[in-house]
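Per-entry structural report
Residue-level listing of the chains:
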Amino acid sequence: MPRARLGREPRSMTAIEVRDLCKRYGGTRAVDGVSFTVAAGETFGVIGHNGAGKTTTVECLVGLRRPDSGTVRVLGEDPARRRRVLAQRIGVQLQESELPGRLKVAEALKLYASFYESPDDWRAVLERWGLAPIRNKSFGDLSGGQKQRLQLALALVGAPEVVVLDELTTGLDPIARRETWRLIGDLKASGTTVVLVSHYMDEAEALCDRMAVFGAGRIAALGSPRELVERTGTGSLEEAYFALAEVAR
Amino acid sequence: MKALTQLSMAEIRLLARDPGTLFFMIAFPLMLLILHTGSDGIGRLLPGYVAMILAIGGLSALPGIVATYRERKVLRRLATTPVAPVTLLAAQVGAQIVMGAVGAVIVVGAGVLGYGVELPAQPAVLAAAFLLCASMVCALGFVIAALAPRARVAELFGLLIMFPMIFLSGAAVPREGLPEGLRAIGGYLPLTQAVTALDGGWSGSPAGLPLLVMAGITVAGTAAAAVLFRWE
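The structure displayed is predicted, hence computed values, not measured ones.

With that settled, the discussion passes to the overall build of chain B. When you go through chain B residue by residue, the secondary structure sums to 10 helices and 0 strands. Helices and strands in chain B line up, N terminus first, as α-α-α-α-α-α-α-α-α-α. The C-alpha atoms of chain B give a radius of gyration of 17 Å, which matches the 17 Å a tight globule of 232 residues would have. Burial statistics for chain B: of 232 residues in total, 51% are counted as buried.

Another aspect to go through is a nonpolar patch on the surface. Residue and element names in this part refer to chain B. On the surface, a nonpolar cluster with roughly 660 Å² of combined accessible area is contributed by L147, L156, F157, L160, I161, V227 and L228. Of all the secondary-structure elements, those providing two or more residues to the nonpolar patch are α7 (151–168) and α10 (208–228). In terms of residues, the nonpolar patch owes the most to one element, α7, which gives 4 residues. By the element assignment, I161 lies in helix α7.

So, on to the interface of chain B and chain A. Across the contact, 25 residues belong to chain B and 30 residues belong to chain A. Contact between chain B and chain A buries roughly 2,500 Å² in total, counting both sides, with carbon and sulfur atoms accounting for 56%. Applying the counting rule to chain B against chain A returns 6 salt bridges. Linking chain B to chain A there are 10 residue pairs in polar contact (both at pLDDT 80 or more). Those elements that place two or more of their residues in the side of chain B that touches chain A are α1 (2–16) and α4 (74–78) of chain B. A per-element tally of the side of chain B that touches chain A places α1(B) first, with 7 residues.

In this structure, A:L109, A:F115, A:L131 and A:L150 are the most contacted members of the largest nonpolar core, which totals 70 residues. Element by element, the count of residues in this core is highest for helix α3 (residues 105–113) of chain A, at 7 residues. There are two domains that each give this core at least three residues, and those are domain 1 (14–89 + 162–248) and domain 2 (96–160) of chain A. Beyond its immediate stretch of four places on either side in the chain, A:F115 contacts A:Q88, B:A3, B:L7, B:L78, B:T81, B:P82 and B:V83. Ranked by size, the runner-up nonpolar core spans 47 residues in total, among them B:I53, B:A104, B:M165 and B:L191.

Basis of the calculations
- Residues numbered from 1 in each chain as written.
- Chains lettered and ligands numbered in written order.
- Predicted model: local features only at pLDDT ≥ 70, side-chain atom pairs only at ≥ 80, totals over all residues.
- Heavy atoms only, no water.
- Helix = DSSP H or I, 4+ residues; strand = E, 2+ residues; numbered from the N terminus.
- Rg over C-alpha atoms; globule rule 2.2 N^0.38 Å.
- Buried < 20%, exposed > 50% of the residue type's maximum accessible area, 1.4 Å probe, protein only.
- Patch = residues over 30% accessible without salt bridge, like charges linked within 9 Å, V, L, I, M, F, W, Y side chains within 5 Å.
- Areas by Shrake-Rupley, 256 points an atom, 1.4 Å probe, with all protein chains shown as cover.
- Salt bridge = Lys/Arg side-chain N within 4 Å of Asp/Glu carboxyl O.
- Contact = heavy atoms within 4.5 Å.
- Buried area = accessible area lost by both parts, 1.4 Å probe.
- Polar contact = N/O pair within 3.5 Å; in protein donor to acceptor, adjacent residues only side chain to side chain.
- Core = buried A, V, L, I, M, F, W, Y, C linked by side-chain atoms within 4.5 Å.
- Domains from an automatic or database assignment.

Here it is, written out as structure tokens:
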């Protein structure tokens, strides 16, 4: 099958294609036959409880893990083989990843900008993400919300076409979460493809065009938040999620 | 190359912000020098102090830094950028060489200006010995980081290996003053080769063998670290 050359005409194209993805750890099937596609410019939710296979799936997307079987294509490339080439075009925010404690905010942005061939101006990113007032603060002295905002800015400073955000708002207070949502909204509006891993239904509902509900390493349901509510005959996405996750267990 | 330069500069800044590093790589050698005020042969101490500074950085600071980067997923985060995580490890070596050079220039400067020590007879040999010593202690530091399961353990291993090494190799105190048995142990330590090589470059009686041994240990240590190192 011919591979689409992406990036030239990002609109109306497929940004991510996953087919029959399987990954085991020892005897455990972490991901067991997952398939989905994400259109360029779409915000796609990867939703599910802990251990449902969300993180393993996105780790395969960004080339941190090699699938046991199945195909993964991001912007037409195989992340397991072309990690460093793809990394120029993908921005990633990882669960629980940190920076050196004494590294300052502006230094971190400048440093990460130097990794990319055509990054955004890191000073502009500093302004845009509201990091200018804390530019000389050390990473170790930042609050949870500030750290998260910096991680988000680092994921975007390379001007990526696809952004993968893993549990972006876990541990944030409600105000910081809403603020982060607003920033993701800006990102959507700019046409960037976003993969959002979350276990918060309100977040999925507010941000995602479509979402895959993961359960036990499989996709239990896939559709827009509204479709999932209608399909399950429940009153809210939260209810729909419980109905779907129950079936998947 | 741009990324390596930026990473090295960031690592140098981080080392310079660490009070422990500043004390042990800059103030501590100066303190030792001052304690020897008035004693004969102060010039013979300086090559050892240079080896000591490098050993403190490579054997004890570096493993803790690298293991912390692994534990806090700094390396993992970097693996999602176009930069290979190994670049960060290379930047560690660059930063150790720069910090080591700063510490060495300060203590040597103090010796030359304050105590009238003569300048090194063969600066080129001294520079070669300096670079080989830095490479060797960093390679060994990476082996420590690879073997330690956690950052705290890496820091402890580093101290447990570095301290006996600087005292038995003639780096912190001349080996002639050591009891017979301890002096014999020193003969088998990698840092002893560094002290001999640096001393040779300084006094103008360079020997090739210590340089070769250091190169060999660097290659072996790097190979072992490459096999043993876990990125997460």
